[in-house]
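# Geometric and topological summary
In case you want the letters, here they are:
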Amino acid sequence: RSPKANPRANPASAAGVDNGVSARGCSSEGERMGSGTSKGKLKQATPRRQQVGALGVAPDAVEVSGERFGKGDKDKEDPTAIARKRMEKIENKVVAEKATRADDESEDEGGGVQAYDSDLERELESDALAIKLQEPEDEHKKLSIQDRARADASAWSTLVLPPSDFKPSETGEFKPDEVLSLDFVHGYRGWDCLSNLLFTITQEFVCFAASVAIIMDPVTRRQKHYVGPPARASAEIQCLALHPGGSIVATAERALNPSILIWDISTLATLRELKDAHLGGVSAMAFNKEGKRLVSAGMDQAHTVMVWEWKNEKKSTPLCQQSLKTAKIFCLGFNPHDDVIVAGGTSMIEFMRVGLSRTGQRVLEHLPGVFSVSNRATHDVSPTMLSVTFTQTEFSLSSNLKNAIEGLCITGSDIGNIYLWKREEQMDMIVSAHKSSVYALASFINGFCSGGKDGKVNMWNNDLEPLGTYDISAAARIPVSIRALDQKGGKVLIGTSSSDIFLLDQDSGEVEDLVRGHRLGAVHAVATHPTKPLYASVGDDAVLKLWDIGNRREWKNKKLEAAGRSLAFSPDGKVVAVGHHLGSFSVHRLDNMDEVISARDRKKAIFSVTFAPNGRYLAVGSEDCFIDLYDCVSDYDWIGTLQGHALSVSFVDWSLDSRCIQSTGHNSEILFWDVEQQVQIPNFASTRDVEWDAWTTPIGWPVQGLVGSGLSNESVCRSLSQHLIVSANSDGLVRL
């Protein structure tokens, strides 16, 4: 490869010299890794590209330190980075204060200084940001966006031409005979929600992901899905509660004006919708013992707790309500013994009861929980209560339990302690249970189990004496936090922060994985295998996962060096390519998931990776506005760059003969390319009869119907029969 043909061999680029690239970052054909407007100092040379195994290593790159790639102006700092720095300062300050305090403390009431849980701080900041970004639905704004989308469509639709043999049909619009139905959901929302995984009366379990409530049979691995009443705009589910009968579920939304939906598990019929319950969302809910009342906690600034008589259809407003002074309410519970409501939140616990005011109105009478004197002496503020449950008892002559009482309140805190409360609000016992936060509690006869941030599930009797410990992180093969628990018939249902669901057998100690998912962040790309019933997925958690469609299980996974943004299988299905978020791409073998190649030749995200049908080339489209071509036969050598897009390259398709490429930019521009000559094809008429191997671009002659509604098409895919096309739109719907 000569220096002229390969920008990597350019000494000026390797030294990080400013090559006079324009502010848009797309004017220089040779703009590659190491060039641009960044003026950082030269750092120790590190290989940008690594070839694994027999392919050798090519240490032909350097890394430029200083500002982020594409950010030449130091005054314009990324808001995310600012928030991260602020969060780090807060964490460092808290850790320093706890370390100073630890010098004078030998032990606290739980038996040692506990770890600070920074995840709670991040969740509170995330909640505040999400509520701030919520906007009321503006019909005029919606119409203007649709009009602009239609205008953009008319601009490019005049440039593309129909095939030469095209004959207009009298029925230009028709619906396909096929229909779409949701079959399976991998994972659940465990990374920022608590106690959202419960057994039902039918030995199934219920949880949720996005706006879908999931009911799954752990034996047959079949799922049912509840998405709300028909023709109703859905929002993300934030929490759920199970009726004591085990056949009715309440799910609440995270939205500006959220609703609480109460529905039947067997029929999936909506029994009641409580509208405009809170502002911003609902963080926790619970039914009382009879199931006639439902208590909910809002995410509004006042953090209002409301009690509903949900079966009374004549009453659309709550029975009573009360605001609590806390940053967030994490858990709610109805004591089955006396209907006392327990609310746990940031640095507080409240015990409330529905009563009557002097005027005869229903009110919530409440009294904050009272901690012991020694607890107040060793903690500046009251601990944050994250989980709550109540004791269950069964008479036995052989039992020596002191607390063989029904309905004693048990709570878990952010410092790893578990508290046992007497009747009403007086704390009775405390035990150090976990190294950090106790996120989940679940009771059973004469005992209960706890789950913490340390990834362990501990078993206890009602006297807070340990019965056993199970390390779920070892079973999951990654460090996890336990976010949800439920127990039934000697089986413990476990939900983790990695969006995985496990089933623990208390007798044998065996742990079975029921559902696997991706961890924190979005899933950005999926790709189907060309011949086998497999598909791959990748996202912000930087894990490449392969899924078995028939068994509905995860088949393999591979930890990547960076978050993924795009995916593609090779035509023979032997390797899979991944585009990453900081300008790199990698290729992995399917049989052992080993890395074949890793290259970083761009600065920004790789939004498209596509193999040519003949298997010879790999096209890599980036946010830097370029399409790079690589020779798959010659160890993925770079062979050229296609330059012409004004904005980031979003979609790339190959022709059936591997000679042409069509690509779509972020600004809805479509361009055609001659691969052999590596030039743009200016005459669109010459491409009207080209047969395309796949179709993923949302614009073009055969997909004009996609823009009729004015919605943004985030993803498009054509069926192998070329009869159907599916699109994922900005309104959260998948259309066939």
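Since we're looking at a predicted model, the values are computed, not measured.

## Focus: the overall build of the chain
Check the secondary structure of the chain and you find six helices and 48 strands. For the chain, buried positions account for 50% of its 736 residues. If you take every contact in the chain between residues at least 6 apart in sequence, the share linking residues at least 24 apart comes to 47%. Carbon and sulfur atoms form 52% of the exposed surface of the chain, whose accessible area is close to 35100 Å².

## As for the layout of surface pockets
By volume, the second largest pocket is sized at about 1200 Å³. The wall of the second largest pocket is formed by 42 residues, among which Leu-198, Leu-242, Thr-389, Ser-443 and Asp-486 lie closest to the centre. Contributions of two or more residues to the lining of the second largest pocket are made by strand 2 (198-199), strand 6 (237-242), strand 10 (282-287), strand 14 (329-334), strand 18 (385-390), strand 22 (438-444) and strand 26 (482-488). The residue makeup of the lining of the second largest pocket, split by class, is 24 nonpolar, 14 polar and four charged.

## Digging into the sheet that holds strand 20 (residues 417-421)
In space, the four strands of this open sheet follow the order 18-19-20-21, with antiparallel pairing throughout. Whereas interior strands pair on both sides, the edge strands pair on one side only; in this sheet they are strand 18 and strand 21 (427-432). Sheet twist, expressed as the average angle between the axes of neighbouring strands with direction ignored, equals 20°. Relative to strand 19 (residues 409-413), strand 18 runs antiparallel, the two sharing five bridges. What sits directly across from Met-385, in strand 19, is Ser-413.

## A look at the pattern of salt bridges
Scanning the model with the defined rule gives 14 salt bridges in all. Asp-505 is paired through a salt bridge with Lys-491; the nearest N and O atoms lie 2.8 Å apart. Remark: Lys-491 occurs in strand 27 (residues 491-496) and Asp-505 occurs in strand 28 (residues 501-505); sequence separation between them is 14 residues. Classification of Lys-491 by relative accessible area gives partly exposed; the value is 32%. Across the pair Arg-516 and Asp-500 runs a salt bridge, and its minimum N-O distance is 3.4 Å. Separated by 16 residues along the polypeptide, Arg-516 in the loop between strand 29 (511-515) and strand 30 (523-528) and Asp-500 in the loop between strand 27 and strand 28 bring together distant segments of the chain. Residue Arg-516 shares its accessibility class with Asp-500, and that shared class is buried. Residues joined by salt bridges that share partners form a network here, namely Arg-189, Asp-192, Glu-236 and Arg-254.

## Considering the state of the cysteines
Summed over all chains, the structure comprises zero disulfides. Just so you know, Cys-409 is unpaired, no disulfide at all, and the nearest cysteine sulfur is the one on Cys-331, 8.3 Å from it. Residue classification places Cys-409 among the buried positions, given a relative accessible area of 3%.

## Considerations on the pairing of strand 35 (residues 575-580)
Counting buried positions along strand 35 yields six of six residues, so the element is predominantly enclosed. Side chains Val-575, Ala-577 and Gly-579 of strand 35 all project onto a buried face; the interleaved residues Val-576, Val-578 and His-580 project onto the opposite face, where all are buried too. Bridge count for strand 34 (residues 564-569) against strand 35 is five bridges, and the pairing is antiparallel. Within strand 35, the residue paired with Phe-569 across the bridge is Val-576. Taking the residues that link successive antiparallel strands as the turn, the strand 34-strand 35 hairpin has five residues, and the phi of Gly-573 there is positive, at about 75°. Sheet analysis places strand 35 next to strand 36 (residues 584-589), joined by five bridges and oriented antiparallel. Its bridge partner being in strand 36, Val-576 is matched across the sheet by His-588.

## Focus on the environment of Thr-411
With respect to the element layout, Thr-411 can be found in strand 19. Owing to a relative accessible area of 1%, Thr-411 belongs among the buried residues under this scheme. The sequence separation of Thr-411 and Thr-389 amounts to 22 residues, and the corresponding C-alpha distance is 6.6 Å. When residues no more than four places from it in sequence are discounted, the contact partners of Thr-411 are Ile-349, Met-385, Ser-387, Val-388, Asn-417, Ile-418, Tyr-419, Trp-421 and Leu-441.

## Topic: the pairing of strand 40 (residues 626-631)
Most of strand 40 sits out of view: six of its six residues are buried. Burial along strand 40 is two-sided: the residues Phe-626, Asp-628 and Tyr-630 and Ile-627, Leu-629 and Asp-631 are all buried. The antiparallel pairing of strand 39 (residues 617-622) with strand 40 creates a hairpin that spans three residues between the two strands, and Cys-625 there sits at a positive phi of about 80°. The pairing of strand 40 with strand 41 (residues 637-643) spans six bridges and is classified as antiparallel. Bridge assignment links Tyr-630 to a residue of strand 41, and that residue is Trp-638. From the end of strand 40 to the start of strand 41, which pair antiparallel, there are five residues, and Asp-635 there has a positive phi angle of about 55°.

## Section: unusual backbone geometry
Of note, the phi angle at Ser-347 is positive, near 55°, even though the residue is not glycine. Relative to the helices and strands, Ser-347 resides in the loop between strand 15 (341-345) and strand 16 (348-356). Judged by relative accessible area, which is 31%, Ser-347 ranks as partly exposed. Even without glycine at this site, Gln-722 takes up a positive phi of about 65°. Judged by relative accessible area, Gln-722 falls into the exposed class, the value being 53%.

## Structural notes on the environment of Met-593
Secondary-structure assignment places Met-593 in the loop between strand 36 and strand 37 (595-600). Given the relative accessible area of 5%, Met-593 is considered buried. Beyond its immediate sequence surroundings of up to four residues, Met-593 is in contact with Leu-544, Leu-546, Lys-556, Asn-557, Lys-558 and His-588.

## Concerning the nonpolar core
Counting 18 residues, the largest nonpolar core has Val-295, Val-305, Val-307, Leu-332, Ile-341 and Leu-364 as the members making the most contacts within it. Of all the elements in the fold, those that place two or more residues in this core are strand 10, strand 11 (293-298), strand 12 (304-309), strand 14, strand 15 and strand 16. Discounting residues that sit within four places of it in the chain, Ile-341 has contacts with Val-295, Val-307, Leu-332, Gly-333, Phe-334, Glu-350, Phe-351, Met-352 and Leu-364.

The rules behind the values
Residues numbered from 1 in each chain as written. Predicted model: local features only at pLDDT ≥ 70, side-chain atom pairs only at ≥ 80, totals over all residues. Heavy atoms only, no water. Helix = DSSP H or I, 4+ residues; strand = E, 2+ residues; numbered from the N terminus. Buried < 20%, exposed > 50% of the residue type's maximum accessible area, 1.4 Å probe, protein only. Contact = heavy atoms within 4.5 Å. Areas by Shrake-Rupley, 256 points an atom, 1.4 Å probe, with all protein chains shown as cover. 1 Å grid on protein atoms, 1.4 Å probe; cavity = no way out; pocket = protein on both sides within 12 Å on 5 of 7 lines; lining within 4 Å. Points joined across faces, edges and corners; volume = space filled by probe spheres on them. Nonpolar A, V, L, I, M, F, W, Y, C, P; charged D, E, K, R; others polar. Pairing = 2+ DSSP bridges. Axes fitted to C-alpha atoms, helices over the stretch in contact; angles between N-to-C directions. Salt bridge = Lys/Arg side-chain N within 4 Å of Asp/Glu carboxyl O. Disulfide = S-S within 2.5 Å. Core = buried A, V, L, I, M, F, W, Y, C linked by side-chain atoms within 4.5 Å.

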